[in-house]
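So you can see what is in the structure, the chains are spelled out below.
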Amino acid sequence: MGLKGTLAFLLVIVSTTLAIQERPCEKYGEYIRDVTNRCFYYRCMSDLSSVRRPCAPGTTVPDDYIGDYESNPQDANPCHGPNLPCGGTWTPWSEWGECSVTCGGGVQYRTRSCPAGGCTGPSEMSRACNTDPCTTIGPWSDWSACSTTCGTGTQTRTRTCSGDCADVVTEETRDCTENIFCVDPWSDWSECSVSCGVGGTRTRTRTCVGNCEGVSVTETEDCNADPPYCVSDWSEYGDCSVTCGIGGTKIRTRVCTGICDNVATQESESCAADPPYCVGPWSDWGDCSITCGVGGTQTRSRTCDGDCDGVSTVESRSCDADPPFCLGPWSTDVETPCSVTCGNGTKTHTRICIGNCDNVVTEEVRPCVTGVPCFLWTDWLNKDTPDTIDGGDPGGDGDYEIDLNDPCGKGNFAAMKAECRTVGTHIPHYEMYVGVDPTPLVVPCLKIPMGLVCANNNVPNGTCADFEVRFLCPNNEAFHARSRAFATVIEGGPP
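Numbering of residues begins from 1 in every chain and follows the order in which that chain's sequence is written. Local features in this predicted model are restricted to residues of pLDDT 70 or higher, and side-chain atom pairs are both shown and tallied only at a pLDDT of 80 or more, whereas totals for entire chains, interfaces and linings draw on every residue. Values reported for side chains reflect all heavy atoms of the structure, with hydrogen atoms and water molecules removed beforehand.

A. Local environment of the overall build of the protein. Numbering of helices and strands runs from the N terminus; a helix is a DSSP stretch of H or I covering at least four residues, while a strand is a stretch of E covering at least two. Check the secondary structure of the protein and you find 2 helices and 31 strands. Relative accessible area decides the class of each residue, using a 1.4 Å probe on protein chains only: under 20% of the type maximum gives buried, over 50% gives exposed, and in between gives partly exposed. Here the protein holds 495 residues, and the buried ones make up 26% of them. Contacts were defined at the residue level, with two residues in contact if any of their heavy atoms lie within 4.5 Å. For the protein, long-range pairs separated by at least 24 residues make up 52% of all intrachain contacts whose partners lie at least 6 apart in sequence. All accessibility values rest on the Shrake-Rupley procedure with a 1.4 Å probe; residue burial counts only the protein chains present in the view. Surface exposure of the protein reaches about 30900 Å², of which carbon and sulfur atoms provide 51%.

Listed below in structure tokens is the structure:
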């Protein structure tokens, strides 16, 4: 791209924050996408500058549009339907910025902008970074006092740690000794060894540290449970007596040992089945709501008894007809013009298809006959005879079938074809003097200049045959203005 084109492209970008040309112009006539607004495009001028133009109503430029200059340089307008929102377009996200901290969990950001305005969504995005904790270890403290005043105890020391301290020792312990043994006070009595009934025991203990030989550390006494019977926990409720719907019952039980008078060992309560309703099976799917095309619906149903609130008894789903498309009738001969106005041509018949129309033929080419000939022969014309001058006075020097006053009519210039033959005997001009030596000088039968020339002094007997000529002319108004009768009709075109 030349300097002029580069400057023009930079001018487009710098001159406005509301429009950005996707790339600079490379060739005259290109169409280039406006990356900030799909309702506009750029047309490249001959000096490789560009002009911003709007799309026609109802059309926009696809986001993946690429100019088609090589195959169709003057007709690559990028606007197509259907219409899409024209609002602004975000620029790409920037790279992630630096993390706010080096350890312990920080945050970093990236941004984007909307030059044309009208964009939706955030212009800034954040994420966590450097989430590994920072590790700081303090000095060891002094050893603590011994944990006991008699016997063997322990003492500890600690140090602080913050951050990733999984493998850092923050506490140390060592043994320490004071007196020979130490005895703690008795503990509370334990629970009775039986939780129900009679004949149980309970105990209490105390701790001795050091040389505790002969020191009692456990005491035991008899105890009775309250109440004087034992019952197990209630079992889970059994299944409801009905499998669906409401109005059933369910039962739970427990076991009692000991004096169990007036102790209930069975309970019941009303229940509803899970679910609290009874539904019948789904019916078969009904017919699709459409008989052709796509986008129809079909339904099925089922019965429900009991608490049926929120229970679906009707379902629907989308369906496609068979076939999945709808076809209109073929266009008629009256609606479809023939490709030509004379001779034989073709008619392109069409029909409408709605739905999934892949592989459906919607266009059909059929032959058509106009019944109108494209070319017509004139009458045989005989302007001159060999022994007259231009068909008049005697003393002619040959047969000059030329200058026939534009036989195809003014505006047709010349005939498509000419034929020449002898008058009366109808011998073609090219067979008239076959075998004559020397061959007479006879100008061939031509459509330009019109006709044939035969000189008397160039034929053996000194007199040319009397020739006549006709011309194959286009069938148009200029030809009919000649008011000639037509001896022969040729359809389609000249042979």
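Next comes the rest of the description.
B. Focus on unusual backbone geometry. Residue Pro227 is reached from Asp226 by a cis peptide bond, and omega for that bond is 15 degrees. Look at the link from Asp274 to Pro275: it is a cis peptide, with omega at 10 degrees. Along the chain, Pro275 turns up in the loop between strand 17 (266-272) and strand 18 (277-279). Positive phi values are uncommon outside glycine, yet Asn359 reaches one of about 65 degrees. Mapped onto the secondary structure, Asn359 falls in the loop between strand 24 (353-355) and strand 25 (363-369).

C. Summary view of the sheet that holds strand 2 (residues 40-44). Two strands make a pair as long as DSSP finds a minimum of two bridges between them. Within the open sheet, the 3 strands sit side by side as 1-2-3. Their pairing is antiparallel. Strands at the two margins of the open sheet, each flanked by one partner only, are strand 1 (31-33) and strand 3 (50-54). Taking each pair of neighbouring strands and ignoring which way they run, the sheet shows an average axis angle of 35 degrees. Where strand 1 meets strand 2, 3 bridges bridge the pair, whose relative direction is antiparallel. Residue pairing across strands places Arg33 opposite Tyr41, the latter belonging to strand 2. Helix axes use the C-alpha atoms of the stretch in contact, all axes being lines fitted to C-alpha atoms, and the angles between their N-to-C directions lie in the range 0 to 180 degrees.

D. View of the pattern of salt bridges. Counted as salt bridges are all cases of a side-chain nitrogen of Lys or Arg within 4 Å of a carboxyl oxygen of Asp or Glu. Inspection of every chain in the model, using the stated rule, returns 12 salt bridges. The closest approach of N and O atoms between Glu30 and Arg23, which form a salt bridge, is 3.2 Å. Among the residues examined, Glu30 registers a relative accessible area of 7% and is labelled buried.

E. Seen up close, the environment of Glu30. Relative to the helices and strands, Glu30 resides in the loop between helix 1 (3-15) and strand 1. We call two N or O atoms a polar contact when they sit within 3.5 Å, provided that within protein one can donate a hydrogen and the other can accept it, with sequence-adjacent residues counted only if both atoms are side-chain atoms. Side-chain polar atoms of Glu30 contact the side chain of Arg23, separated by 3.2 Å. A polar atom in the side chain of Glu30 sits 3.0 Å from the backbone nitrogen of Lys27.

F. Representation of the state of the cysteines. Cysteine sulfurs are considered disulfide-paired once they come within 2.5 Å of each other. The full count for this structure, using the stated rule, is 19 disulfides. One disulfide bridge connects Cys292 with Cys326, the sulfur atoms lying 1.9 Å from each other. Residues Cys292 and Cys326 are joined through a disulfide that is right-handed, its torsion about the S-S bond being 105 degrees. Linking Cys292 in the loop between strand 18 and strand 19 (296-301) with Cys326 in strand 22 (residues 325-327), this pair joins segments that are 34 residues apart in sequence. Overall, the relative accessible area of 26% leaves Cys292 in the partly exposed class.

G. Up close: the nonpolar core. Side-chain atoms within 4.5 Å link the members of a nonpolar core, which is a set of buried Ala, Val, Leu, Ile, Met, Phe, Trp, Tyr and Cys residues. One finds Tyr433, Cys454, Phe467, Val469 and Phe471 to be the most contacted residues of the largest nonpolar core, which totals 16 residues. The next biggest cluster of nonpolar side chains, apart from the first, holds 6 residues, and it includes Tyr31, Tyr41, Cys55 and Val61.

H. Looking closely at the packing of aromatic side chains. Stacked, tilted and edge-to-face are the three classes assigned to paired rings of Phe, Tyr and Trp, where Trp is represented by its six-membered ring and a pair needs centres within 6.5 Å; plane angles under 30 degrees give stacked, over 60 edge-to-face, the rest tilted. Enumeration over the complete set of coordinates arrives at 1 aromatic pair. Taken together, a centroid distance of 5.6 Å and an interplanar angle of 50 degrees make the contact between Tyr31 and Tyr41 tilted. Of this pair, Tyr31 sits in strand 1 while Tyr41 sits in strand 2; the two residues are 10 residues apart in sequence, bridging distant segments of the chain. As far as burial versus exposure is concerned, Tyr31 and Tyr41 are alike and both buried. Whether a charge sits over a ring comes down to the Lys NZ or Arg CZ being within 6 Å of the ring centre and within 35 degrees of the ring normal. Over the face of the ring belonging to Trp377 we find Arg470, whose NZ or CZ atom lies 4.2 Å from the ring centre.

I. Structural view of the side chain of Arg112. Looking at the element boundaries, Arg112 is found in the loop between strand 4 (106-111) and strand 5 (124-129). The charged-residue count follows a simple rule in which Lys and Arg add positive charge and Asp and Glu add negative charge, with His and chain termini not counted at all. For the buried residue Arg112, which engages in no salt bridge, the nearest side chain bearing the opposite charge is Glu124, 11 Å off. Separated by 2.9 Å, the side chain of Arg112 and the backbone oxygen of Pro122 make a polar contact.

J. Here's a closer look at the environment of Tyr277. Within the secondary structure, Tyr277 sits in strand 18. Of the residues examined, Tyr277 reaches a relative accessible area of 23% and is grouped as partly exposed. Note: C-alpha distance between Tyr277 and Cys304 (27 residues apart in sequence) is 6.6 Å.

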